[in-house]
Structures are given as C-alpha cells and as structure tokens.
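# Survey of secondary and tertiary structure
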Amino acid sequence: MNHERSSLLFQQAKKSIPGGVNSPVRAFKSVGADPIFIKKAIGSHIYDEDGNDFIDYVGSWGPMIAGHCHPDIIKAVHDTMSSGASFGAPTERETILANMIIEAVPSIEMVRMVSSGTEATMSAIRLARGFTGRDKIIKFSGCYHGHADSLLVKAGSGAATFGVPDSPGVPADVAKLTLTAEYNSLESVKNLITENINTIACIIVEPVAGNMGTVPPRDGFLEGLREICTNEGILLIFDEVMSGFRVAYGGAQELYGVTPDMTTLGKIIGGGLPVGAFGGKRDIMEKLSPAGGVYQAGTLSGNPLAMSAGIATLNILKQPGFYKTIEEKSRAIADGIASAARSAGYPIYSTRVGSMFCAFFSKREVYDWPTASRCDTNAFSKYFLAMLNEGVYLAPSQFETAFVSASHSDADIENTIAAASRCFKLIV
Ligand code: HOZ
C-alpha cells in the first residue's frame, strides 16, 4: 500500500507542529511508522491522502457511533451554520441537549456544556473539591481523563503509549494531591482512604476503562466504589467520555446499574464536533458559577454547531434497536478476531463491552494496568501495520479501544475478520 503523500505531508507538518501532530495518539511513533493523513470519511470507511480506503475502527476515538457523515447530522450542522457559528451567548439548543442528556443519564440532574472531555473532567474535579472542601483525589493507574495537571498521573492512552504516564511539567505539589489505585481493586482504594482519612474529594474512574485497551469492570467493582464513596463522604465521578451514549444510551451507569454523583461526557454528544459536558446531582451542580462560587467558563461552551450535531446524534441513538444492532456487529467482529488469532496459534485476550473492544496481545487475563502493560507491544505493532496494509484502520497503540459504528456492514465485518486471519498468521 502506498503512503507516499501521507509521508510527505507528515514531513511538512513536523516543521511547524510538534511531532507533526496535534495530539500525540495520532502519531504512529509507537508502531514505528508515519501516520496516515486523512482526506475524508464516509460511513464506516476512512480514506487517506494517497487514496487508500480503510475500514475505520477509530471513529475519531469514539464519537462517530452513527458512522461518518450521517445525513441527519450534516443537515443539522449545515442549517445551524447558516444562522451563525458562535455567539458566546445562550441559545435554546443548549437547553434542548441538556434535557436530552438529563433524560438519558441516570446520575445527571443538571449539566454544564464544555468543549472537550479534558475540560469536562478538570472542571468536575474542581467542582468536587469546591463542594467537599477537600483537596485530594483518587484515580486509577492506566485510566486517562484528559491532560489537566491533576489527572496526568499514572495516566493511560498516549501518556502510557509513549511512556510518560507522569508528565514533565506537572508540578510535584499538584501531583501529590492525586492518589492512584489499581483498577478493579477495591482493596487498593480502601488502603488509600485509610491513609488519607477525610481529605479525599472524589474518586474518578472510567466505568469501562478504555485508555489502557478496553478493560471491563469486574463484578462488584463499581458497586464497591459507590458504597465506599457514600460511606466516606467522597464524590464518585464516572468519566464516561468514552462509554457515555456508547455502551448504552444511558452509558455504563445504565448498563451496570450504579449511579455516580457526577458524570463527564465527551465528543459523542456532539456527533464528533468539539464538545464535552459534566453533570450530576442538583445540589452539587448548583455550586457552579454563576449559581455558586466554583468558577468554570468558556466562549465555545454550548456552541450552536456542536449542540445541533449533538441533538441530531442523540435522536439517531434513541431509535429502537440501535444498541442491540451495534452490539451484535461488535460481538461478531471481536469474536471473529479472537477466533482468527486462535486458529493462527496466536491466542489473544479479547475484551468487549457493547461496541468497545480490544485484542490484547497477552495470553493471560487483563484486568488492570499492570496486566495490560505486560502485553507484547512488538507483536501488536506488527499486527497493526499488517492490518493497515489490509485496509483496516485500528488505533496505533495496544493501549486504546476499537470502536464499532452502526454503519459497519456485514462485508466490513467479514473483511476485517479475514484480514485478521491473514495478519495473525504473519506474526506467529
Ligand atoms: N484520549 C483519546 C484516546 N484514548 C483520544 C484523544 C486524544 O488524546 O487525542
């Protein structure tokens, strides 16, 4: 497969953009290649500047759940754009989308729109601190909640991929307020709480971890966190930037029946446009400025284009059978890849929750960061490059999630599994 033009564009980009990309996860550095530069995407397919056609399992890191260029979303954005792109003043669409989110997500009684998942998590943390009057927070190794200072501690996603889970530039005095527990270990959480009694504002967790590969919560883990938080006066924050409106219409909290105090949401509620949100119980959210004193702001928050795209997206997701269909497709793909690996004599550890899945290059169970980090990343790199060459676009890191959209067709599924079969045989 020819990548000549992508490589040329990358060389040019590196002269003016650090590392040639505007977000580290886009670089193919950890898999030893140059990134492909994208020209366009339609439905389940993405096309690069060299005219190559790929079945897309990145989906802009999650939000393209309805497929690229869904006509309803295009129409909504187009219609809105013709009335103005941004006002920095309230519009009715913000309340419409807020009410749709409140209706969908069990924990959310009030919601504040922002422009990214990072903004959502950092603002939720500030609000938790303001509400409780406590400074420390607990997060989990390998979970990623955006790139705010207090959350870039033992972080997943690109931070794990590039080996900088504790980034330079985060002041030690800030980092020391972030305590890290192991995912799926209530014991590690209890130990931290015992050592830091009455000083912890919140526990933030991806209820389905998606930034160290896909790691589902073990039975009782989320319930246990809920109980601990309730007993200790700690706020429980579900970071549903990935899982919200993805694993179920009401997110992981609907799927597992555990209600956090606050929830963060990301780009899926903007159909891929820059948007995020955080919400929760009314008494907490009313502490937010201008109702309360905890300051948080943004000119582009509730941007009209993003709100219109979000409303159109949620209307698509609400259609009966949407989640059942996408789950069936996802099961067929994840099971097909796992069985292709087994047939090739290369057993992987396969995980899936709804339409999020991951093939871990590990023969053993993966349930937290220590077990995820033991995967054979060299073998993953070979698999990734071979799949790309076969026309299948996966995230260029073992520590990311694959996303399926409603537009993935039976032919896409068959072709993906057939490609995986050939690729596993190559790397055995
Ligand atoms: N964090 C997202 C994937 N794990 C993608 C956003 C980004 O870092 O560019």
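Everything that follows concerns the structure shown earlier in this document.
These figures come from a predicted structure and were not determined experimentally.

Two elements in contact, helix 14 (residues 377–389) and helix 15 (residues 410–427), have axes separated by 9 Å at closest approach and are oriented at 135 degrees. Classified by the interaxial angle, the pair formed by helix 14 and helix 15 is oblique. When you trace helix 14 past helix 15, the crossing you get is right-handed. Residue-level contacts link Ala379, Lys382, Tyr383, Ala386 and Met387 of helix 14 to Thr416, Ala419, Ala420, Cys423, Phe424, Leu426 and Ile427 of helix 15. Tallied by class, the residues present in the contact of helix 14 with helix 15 amount to 10 nonpolar, 1 polar and 1 charged.

Here we come to the packing of aromatic side chains. Per the stated rule, a full pass over the model turns up 17 aromatic pairs. The ring of Tyr367 carries the charged tip of Arg218 above its face, separated from the ring centre by 4.0 Å. The positively charged end of Lys363 is found above the aromatic ring belonging to Tyr346, 5.8 Å away from the centroid.

Where burial is concerned, most of strand 5 (residues 136–140) is hidden: 4 out of the 5 residues are buried. In this structure, strand 5 lies alongside strand 7 (residues 200–205), joined through 3 bridges in parallel fashion. Residue pairing for strand 7: Ile138 is matched across the bridge by Ile203. Sheet topology note: the strand 5/strand 6 (residues 178–181) ladder contains 4 bridges and is parallel. The partner of Ile137 across the bridge, within strand 6, is Thr178.

Around the ligand, the neighbouring residues are Ser23, Val25, Trp61, Tyr144, Ser157, Asn211, Met242, Lys267 and Glu400. Between Ser157 and the ligand, the recorded distance is 2.9 Å, taken from a side-chain N or O atom to a nitrogen atom. For the ligand, whose free accessible area comes to 280 Å², the fraction covered by protein is 85%. When grouped by side-chain class, the residues that make up the shell around the ligand number 4 nonpolar, 3 polar and 2 charged.

The next subject is the sheet that holds strand 9 (residues 262–265). The strand order across the open sheet formed by 7 strands is 4-10-9-8-7-5-6, and the pairing between neighbours is mixed. Edge positions in the sheet fall to strand 4 (110–114) and strand 6, since each of these pairs with one other strand and no more. With direction set aside, neighbouring strand axes in the sheet form an average angle of 20 degrees. In the sheet, strand 4 pairs with strand 10 (residues 276–280) via 5 bridges, with the strands oriented antiparallel. The residue of strand 10 that forms the bridge with Met113 is Ala277.

Let us look at the environment of Ile234. With respect to the helices and strands, the residue Ile234 is situated in the loop between helix 8 (221–232) and strand 8 (235–239). Distance from Ile234 to Ala201, taken between C-alpha atoms, is 5.4 Å for residues 33 residues apart in sequence.

Here 4 strands make up an open sheet; going across it, the order is 1-2-3-13 and the pairing mixed. Edge positions in the sheet fall to strand 1 (38–42) and strand 13 (392–393), since each of these pairs with one other strand and no more. The pairing of strand 1 with strand 2 (residues 45–48) spans 4 bridges and is antiparallel. Each bridged residue has a counterpart across the sheet, and for Ala41 the counterpart in strand 2 is Ile46.

The rules behind the values
Counting restarts for each chain: residues are numbered from 1 in the order of the written sequence. Per-residue local features are limited, in this predicted model, to residues with pLDDT of at least 70; the limit for side-chain atom pairs, both in listing and counting, is 80 or more; totals at the level of whole chains, interfaces and linings are taken over all residues. Hydrogens and water molecules were not included; the side-chain quantities draw on all heavy atoms of the structure. Axis lines are fitted to C-alpha atoms, over the contacting stretch for helices. Their N-to-C directions set the angle, which ranges from 0 to 180 degrees. A run of H or I in DSSP becomes a helix once it reaches four residues, and a run of E becomes a strand once it reaches two; helices and strands are each numbered from the N terminus. Any angle that is under 35 degrees is reported as roughly parallel, and any over 145 degrees as roughly antiparallel; angles of 65 to 115 degrees are reported as roughly perpendicular and all others as oblique. Crossing handedness follows the turn of the near helix against the far one: under a right angle anticlockwise gives a left-handed crossing, and clockwise gives a right-handed one. Any two residues whose heavy atoms approach within 4.5 Å are treated as being in contact. Gly counts as polar in this scheme, as do all residues outside two lists: the nonpolar Ala, Val, Leu, Ile, Met, Phe, Trp, Tyr, Cys and Pro, and the charged Asp, Glu, Lys and Arg. Aromatic contacts are taken between Phe, Tyr and Trp rings whose centres are within 6.5 Å, Trp giving its six-membered ring; a plane angle under 30 degrees counts as stacked, one over 60 as edge-to-face, and the others as tilted. A ring is scored as having a charge over it whenever the NZ atom of a lysine or the CZ atom of an arginine sits within 6 Å of its centre and within 35 degrees of its normal. The buried label goes to any residue with under 20% of its type's maximum accessible area, the exposed label to any with over 50%, and the partly exposed label to all in between, with areas taken from a 1.4 Å probe on protein chains only. Strand pairing follows a simple DSSP-based rule, namely that at least 2 bridges must link the two strands. Residue proximity to a molecule or strand is established when one non-hydrogen atom of the residue lies within 4 Å of it. Polar contact is defined as a pair of N or O atoms within 3.5 Å, subject to the rule that within protein one atom must be able to donate a hydrogen and the other to accept it, and that residues adjacent in sequence are counted only when both atoms are side-chain atoms. In short, Shrake-Rupley with a 1.4 Å probe defines the accessible areas, and a residue's cover is counted only from the protein chains shown.

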